[in-house]
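Next come the chains, spelled out residue by residue.
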Amino acid sequence: MAGTNTGDITGQTPCESKGDTNSTGTPLKRWIKSFSMNADSTRLIKDGTDSNRQQRRALIRHSAESNMSNIGPRRRKWRGMVAVVGGIFIHLTLGTMYTFGNLSPYLVSYIRERSKPSNLTYEMATWIFATVSIVHGSFMYFGGLLDKKLGARLTVLIGCIIQSAGVFLTYFSIKHSFYLVIITYGVMFGLGIALAYGAAITCGMRWFPKHKGVISGLVVAGYGGSAFIFNQVQTAYINPDNLSPTETPSGKYFDQKEILDRTPTCFLLLGGCYIVLQLIGTLFVVDAPENKILSQQSENQSERLFPLPDEEREKMDSRCSGNNLKSSAVVRTRAFWTMWFTFVLNIETKVLVSSLYKVFGQNFIHDDHFLSLVGSFASVFNCLGRVFWGYLGDRFSFRDAMLGLCTFTFAFMVTFIATEEAGKAMFVIWVCAIFFTFSGNFALFPMATARSFGEENAGPNYGILFTAVMVSSVLGTVFASTVSERIGWIGLFYFCAGCSLAGGIIIFTFNMKTPKGKDI
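Bear in mind the structure is a predicted one, so any value in this text is a computation, not a measurement.

Parameters and conventions
Residues numbered from 1 in each chain as written. Predicted model: local features only at pLDDT ≥ 70, side-chain atom pairs only at ≥ 80, totals over all residues. Heavy atoms only, no water. Helix = DSSP H or I, 4+ residues; strand = E, 2+ residues; numbered from the N terminus. Contact = heavy atoms within 4.5 Å. Areas by Shrake-Rupley, 256 points an atom, 1.4 Å probe, with all protein chains shown as cover. pLDDT = per-residue confidence, 0-100. Axes fitted to C-alpha atoms, helices over the stretch in contact; angles between N-to-C directions. Parallel < 35°, antiparallel > 145°, perpendicular 65-115°, else oblique. Left-handed = near helix turned anticlockwise from the far one by under 90°. Phe/Tyr/Trp six-rings, centres within 6.5 Å; stacked < 30°, edge-to-face > 60°. Buried < 20%, exposed > 50% of the residue type's maximum accessible area, 1.4 Å probe, protein only. Lys NZ or Arg CZ within 6 Å of the ring centre and 35° of its normal. Core = buried A, V, L, I, M, F, W, Y, C linked by side-chain atoms within 4.5 Å. Patch = residues over 30% accessible without salt bridge, like charges linked within 9 Å, V, L, I, M, F, W, Y side chains within 5 Å. Salt bridge = Lys/Arg side-chain N within 4 Å of Asp/Glu carboxyl O. Polar contact = N/O pair within 3.5 Å; in protein donor to acceptor, adjacent residues only side chain to side chain. Disulfide = S-S within 2.5 Å.

Draft legend 1. Here's a closer look at the overall build of the chain. Per the secondary structure count, the chain includes 24 helices and two strands. Taking the contacts inside the chain whose residues are at least 6 apart along the sequence as the reference set, 83% of them involve residues at least 24 apart. Accessible surface, the chain: about 20,700 Å² in total, of which carbon and sulfur atoms supply 64%.

Draft legend 2. Main features of the confidence of the model for the chain. The predicted model of the chain averages 82 in pLDDT, with 81% of residues at 70 or higher. Below pLDDT 50 for its whole length, residues 1-24 participates in 39 contacts with residues either more than four positions away or in separate chains. Within the model, the stretch residues 291-314 combines pLDDT values under 50 with 45 contacts to residues more than four positions away or in other chains.

Draft legend 3. Broad picture of the packing of helix α6 (residues 73-94) against helix α10 (residues 178-207). In contact at an axis separation of 9 Å, α6 and α10 are set at 160 degrees when each is read in the N-to-C sense. For the element pair α6 / α10, the angle class is roughly antiparallel. In the crossing of α6 with α10, the sense of the turn from one axis to the other is left-handed. Mapping the contact onto sequence places R76, R79, G80, A83, V84, G87, I90, H91, T93 and L94 in α6 and F189, G192, I193, A196, Y197, A200, I201, C203, G204, R206 and W207 in α10.

Draft legend 4. Expanded view of the packing of aromatic side chains. Tallying each qualifying case throughout the model produces 42 aromatic pairs. Ring centres 5.0 Å apart and planes at 90 degrees place the aromatic pair W340 and F341 in the edge-to-face group. Take W340: its relative accessible area is 12%, and that puts it in the buried class. The partly exposed category is assigned to F341, whose relative accessible area is 42%. Its end group placed over the ring of Y253, R112 keeps NZ or CZ at 3.9 Å from the ring centre. The lysine or arginine in question, R395, covers the ring of F396, its NZ or CZ lying 5.1 Å from the ring centre.

Draft legend 5. A look at the nonpolar core. Y185, Y197, F343, F398, F416, F427 and Y462 are the most contacted members of the largest nonpolar core, which has 121 residues in total. With near-sequence residues (within four places) excluded, Y197 lies in contact with H91, L94, H136, M140, V220, Y223, R386, F442, Y462 and F466.

Draft legend 6. Looking closely at helix α22 (residues 458-465). Most of α22 sits inside the fold, with seven of its eight residues counted as buried. Where α22 is buried, its residues contact α8 (122-150), α10, α15 (327-330), α16 (334-361), α21 (441-453) and α23 (467-482).

Draft legend 7. Main features of the environment of L218. You can see L218 is positioned in helix α11 (residues 212-238). Each C-alpha atom of the pair L218 and G204 lies 9.2 Å from the other, and the pair is 14 residues apart in sequence. With residues near it in sequence (within four places) discarded, L218 still touches V84, I88 and V387.

Draft legend 8. Quick peek at a nonpolar patch on the surface. Taken together, the side chains of V82, V85, V276, I280, L283 and F284 present a nonpolar region at the surface, about 480 Å² in accessible area. Broken down by secondary-structure element, the contributors of at least two residues to the nonpolar patch are α6 and α12 (257-284). Tallying contributions element by element places α12 first for the nonpolar patch, with four residues. Structurally, the position occupied by V276 is in helix α12.

Draft legend 9. Looking closely at the packing of helix α18 (residues 398-415) against α21. Packing of α18 against α21 brings their axes to within 11 Å, and their N-to-C directions diverge by 160 degrees. The pairing of α18 with α21 is recorded here as roughly antiparallel in orientation. Handedness of the crossing formed by α18 with α21: left-handed. Contact residues: F398, A401, M402 and L405 in α18; N441, L444, F445, M447 and A448 in α21.

Draft legend 10. Structural view of the environment of G224. With respect to the secondary-structure elements, G224 resides in helix α11. The class of G224 is buried, set by a relative accessible area of 0%. Taking C-alpha positions, G224 is 7.7 Å from L92, a pair spaced 132 residues apart along the chain. Not counting chain neighbours up to four residues away, the residues in contact with G224 comprise S379, N382, C383 and R386.

Draft legend 11. Fine view of the pattern of salt bridges. Within the structure shown, the criterion is met by eight salt bridges. R206 is the salt-bridge partner of D147, the closest N and O atoms lying 3.4 Å from each other. One end of the pair, D147, is in helix α8; the other, R206, is in helix α10, with 59 residues separating them in the sequence. When sorted by exposure, D147 lands in the same class as R206, which is buried. The partner of R451 in a salt bridge is D394, and the shortest N-O contact between them spans 2.6 Å. One end of the pair, R451, is in helix α21; the other, D394, is in helix α17 (residues 368-395), with 57 residues separating them in the sequence. A relative accessible area of 16% means that D394 is categorised as buried. Each of R114, K257 and D261 takes part in salt bridges that share partners, so that together they form one network.

Draft legend 12. Just the side chain of R206, in detail. When its relative accessible area of 15% is taken as the criterion, R206 is described as buried. Within the local environment of R206, its side chain forms a polar contact with the side chain of D147, the two groups lying 3.4 Å apart.

Draft legend 13. Representation of unusual backbone geometry. For the peptide bond that leads from K116 to P117, omega is 5 degrees, which places it in the cis range. You can see P117 is positioned in the loop between α7 (100-114) and α8. The phi dihedral of N242 falls on the positive side, at around 55 degrees, and the residue is not glycine. Here N242 is to be found in the loop between α11 and β1 (246-248). With a relative accessible area of 26%, N242 lands in the partly exposed category.

Draft legend 14. Region of interest: the side chain of T349. Assignment of secondary structure puts T349 in helix α16. The contact partners of T349, leaving out residues within four places of it in the chain, are S354, T409, M413, I434, F438, C496 and S500.

Draft legend 15. Focus on the state of the cysteines. In total, this model carries zero disulfides according to the counting rule given. Not engaged in a disulfide, the cysteine C266 finds its nearest cysteine sulfur in C273; these two sulfurs lie 9.0 Å apart.

Structure below.
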């Protein structure tokens, strides 16, 4: 049987098993015809040696995949673009966690004046942001499992409902206590992100397997660019008159009645905006046909029987490692832990700068609208950075792109303290540059996960890797709330710079290669 011709098994020549373009009927009818022609060969699987059974299974699977792949390239491209746009819409709402730096002065001021505890500080409030990141990192793996079980659309919908419900409920929780806000705007918000985040990314990458870096960058660009829109919505609604916070012994806080009155209802406005965008995005998110994703493992199994045609080879990612590993195997690889520790170190900058940049700016910039505008521009660079670094990952390699990212983050964090003396212009440039650099982590790591360990389990595997964000958020928040008063702003910024430097050193040892020996 080892020498059996493929036409003897399927009743077709190898060319015909790929789906003859001159055949009549719809792609579905041609596939059904192919499936019926393969019925005899599925019966033969019950007989013979294990080796022959595996060969026959590979042949039948490949034949079915090829005949189902008759979606034209133009139609496939447009369907894929729609799915990517849907993912961007979803991430526009998930990424509103980056508005916390803008929202924090209003939220903390309200709790101090009208809720409890009355001695709440900005450093304590970073636990809300940290909780989002902790829950996000803890449950990303389960989002990947749901994606495999239910599909991207339903997984995204479940996550979006949970996230928006948390925002709506914050209207009530903020009136009672800071700790209830942690549950609604921390736990529920983070859980919603965890379930929807990865499914929206991997759905787009499956449509365009050759461009994983750019596609993941485009989708998460919505995540990074979200604050550009919603920072302005928050500030325009809560503080339309551009009032300044009042100086107190423990910091600057708002005590104006009109600002405090609008703070709880702002969460109703935000929740309404989110749910509309999420419903539109969910309609656009469509899974790619499974046959369009030919994993490296499938290629290796079937190429012994007949070679893949050129058009199918073009759809393969040339930087794929050839692995197809489940999470239990992934965590035993050196490459995983190299990425994990680099992720932990790089995210410290994101945790501290994105939640405290406005508080730092208030020390020398007395214009609330200007600081909100800085956050909005920073979110644009957060958005653009994800596409840029994703492109570099496709153009060069994951390791080269990550080394560049760590180097630039280190340089900007070492010099960030100088903005206090240089004034507004340098502050704007440096905040935007920092957001531009750290944002690349969220384009490069999903790309590297799919290439290193295979597309089939990319969702769950990235969920395991994303636990690094949880660890980093805890470490960063504890550091900010316990040590910041002793080391000051310069100590915080140098701490972030040191983390980036250490991340660059670790990622330099990354050793995952393609079958041809190139960096992935």
